[in-house]
Amino acid sequence: PCIVVAVHPDKRNLVLSRRAILDRENEEKRKQLLKELEAGQLREGTVTKLMDFGAFVDLGGIEGLIHISKISWSRVKHPSEVLSVGEAVKVKVEKIDLESNRISLSHRDTLEHPWKNVSNQFVADMVVKGTVTRIADFGAFVKIAPGIEGLVHISELAYQRVAKVSNVVSEGQEIEVKILSVDPDSQKISLSHKACLAPPAPKKSAPGKEKAPEVEEPPRELAVKAGSEPLKGGRDRKSGGESIGLKW
């Protein structure tokens, strides 16, 4: 099927358009699809374009956008880390704006939530390997499984005092960590890198600086205060008992 665009009898020439037919059919499909689409629906689509901020998906006559934050449960720097052009993908319809003809989609919500069974995967005192994903002033975030990150507080990075987190770890570095606690409700995991390191050897005191042993002082009540007066009593003076017949 084609549309006749122009007729030139003198030249015995016809100008036809196949694209006009396709555009008309696509417009009809688009209008019908907009009537059927509802927020919360699951749809199949094809990735048509990848941008820094997300991925465009053709739902069958109309395109929707998966924002980069809705592509995966894991932190994604670019959509190409998860999706590719031409790939068939399952999406959830989040929002439909008929005035601006915009459809917001989510691929993340079609996947199982990574924290659903986190208590069965990770428990306190378990030692695992992870990758540093982000550094903050107060510590480092470490990914120990897809979509699951924990925090190594700055006090748990090393035995010595750490002035700056980047002095110990860097983004993309793989480190060993020990799980301190798991809180599935708040989706928080506390980790320690220090617990996986050998403790430092005790410092030896320098020769000649040994501490002298402490000498206990005598009790204050035993101390005798020196005075100038002679002590009273003794055997060379009378006791006073002779006046009543006693001889001491």
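Refer to the structure printed above.
Please read all numbers here as calculations on a predicted model, not as lab measurements. (Residues numbered from 1 in each chain as written. Predicted model: local features only at pLDDT ≥ 70, side-chain atom pairs only at ≥ 80, totals over all residues. Heavy atoms only, no water.)

**Brief notes about the sheet that holds strand 7 (residues 102-106)**
The mixed closed barrel is built from five strands, whose spatial order is 3-4-5-7-6. Taking each pair of neighbouring strands and ignoring which way they run, the sheet shows an average axis angle of 50 degrees. Strand direction decides the pairing type here: strand 5 (residues 63-67) and strand 7, joined by two bridges, are parallel. Bridge assignment links Ile66 to a residue of strand 7, and that residue is Leu105. (Pairing = 2+ DSSP bridges. Helix = DSSP H or I, 4+ residues; strand = E, 2+ residues; numbered from the N terminus. Axes fitted to C-alpha atoms, helices over the stretch in contact; angles between N-to-C directions.)

**Points about the pattern of salt bridges**
For the structure on display, the rule yields six salt bridges. The shortest N-O distance in the salt bridge between Arg75 and Glu149 comes to 3.2 Å. Of this pair, Arg75 sits in the loop between strand 5 and strand 6 (88-97) while Glu149 sits in strand 10 (residues 148-153); the two residues are 74 residues apart in sequence, bridging distant segments of the chain. The partner of Asp109 in a salt bridge is Arg108, and the shortest N-O contact between them spans 3.8 Å. (Salt bridge = Lys/Arg side-chain N within 4 Å of Asp/Glu carboxyl O.)

**Structural notes on helix 1 (residues 19-36)**
Counted at 1.5 Å a residue, the expected span for helix 1 with its 18 residues is 26 Å, and the 25 Å between its end C-alpha atoms agrees. Of all the positions in helix 1, only Ile21, Arg30, Leu33 and Leu34 are classed as buried. Each element contacted by the buried residues of helix 1 is listed here: strand 1 (3-8), strand 2 (13-17), strand 3 (42-51) and strand 7. (Expected span 1.5 Å × (residues − 1). Buried < 20%, exposed > 50% of the residue type's maximum accessible area, 1.4 Å probe, protein only. Contact = heavy atoms within 4.5 Å.)

**Things to note about unusual backbone geometry**
With phi around 50 degrees, Arg12 is a residue other than glycine that occupies positive phi space. Position of Arg12 among the secondary structure elements: in the loop between strand 1 and strand 2. On the basis of relative accessible area, Arg12 is assigned to the exposed category, the value being 80%. Notably, Gln187 is not glycine yet its phi reads approximately 55 degrees, a positive angle. The topology assignment puts Gln187 in the loop between strand 11 (174-183) and strand 12 (188-192).

Just distances and angles here, no functional claims.
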